[in-house]
Amino acid sequence: SLFDTDPYYSFIGLTVERVADNEAVLSVPNAESELLTPNPPALESLHGGAMTTLVDISSATAILTIDTHFHGYATASLDVEFVKPARGRVEAQAEVTRTSENLVSTEVSAVDADGAEVAAGETTWRVFRNEEMWNYVTAS
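What comes next concerns the included structure. The shown structure was predicted, so the numbers you read here are calculated from the model rather than taken from an experiment. (Residues numbered from 1 in each chain as written. Predicted model: local features only at pLDDT ≥ 70, side-chain atom pairs only at ≥ 80, totals over all residues. Heavy atoms only, no water.)

1. Quick word on the pattern of salt bridges
Scanning the model with the defined rule gives two salt bridges in all. For the salt bridge of Glu17 with Arg89, the shortest nitrogen-to-oxygen distance reads 3.2 Å. Here Arg89 lies in the loop between β3 (72-82) and β4 (90-99) and Glu17 lies in strand β1 (residues 15-20), a separation of 72 residues in the sequence. A residue is classified by how much of its surface remains accessible, and Glu17, at 36% relative accessible area, is partly exposed. Glu91 is paired through a salt bridge with Arg89; the nearest N and O atoms lie 3.1 Å apart. (Salt bridge = Lys/Arg side-chain N within 4 Å of Asp/Glu carboxyl O. Helix = DSSP H or I, 4+ residues; strand = E, 2+ residues; numbered from the N terminus. Buried < 20%, exposed > 50% of the residue type's maximum accessible area, 1.4 Å probe, protein only.)

2. A closer look at the pairing of strand β2 (residues 23-28)
Buried residues dominate β2, accounting for five of its six residues. The pairing of β1 with β2 spans five bridges and is classified as antiparallel. By the bridge assignment for β2, Val16 is matched with Leu26. What sits between the antiparallel neighbours β1 and β2 is a turn of two residues, in which Asn22 has the positive phi angle 70 degrees. As judged from the six bridges shared by β2 and β4, these two strands associate in the antiparallel manner. In the strand pairing of β4, Ser27 is matched with Glu91. (Pairing = 2+ DSSP bridges.)

Interpretation in functional terms is not warranted from these geometric data alone.
Structural data, given as structure tokens:
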């Protein structure tokens, strides 16, 4: 329901395709003109901000499959490598690669409708298992 109620996620058309243990697949539909980068006009590919959001939120969805014993989580690091221009529908598959008491890492691969990789990413998330600490962080 977050994907339906969050204005930005709705704007870019973020959709959950499937979720399984340790992984999640999300997509952005055929890019509308508002989501395309205008420079240079011939490139007309999915904007880097929308692509980065896809990588970030697909990894967040994947970490939710591994543990329900934390009260919150926040991106600690996010690295996205843009491999080639992304045109049309883009799908990102995120997989949990490492977990510890306070951190969860993922690897993400984003592909276009032809199955060609358009971006690759790695994320690290800080997970809060202590409710008091999560309340402190969110109140700040």
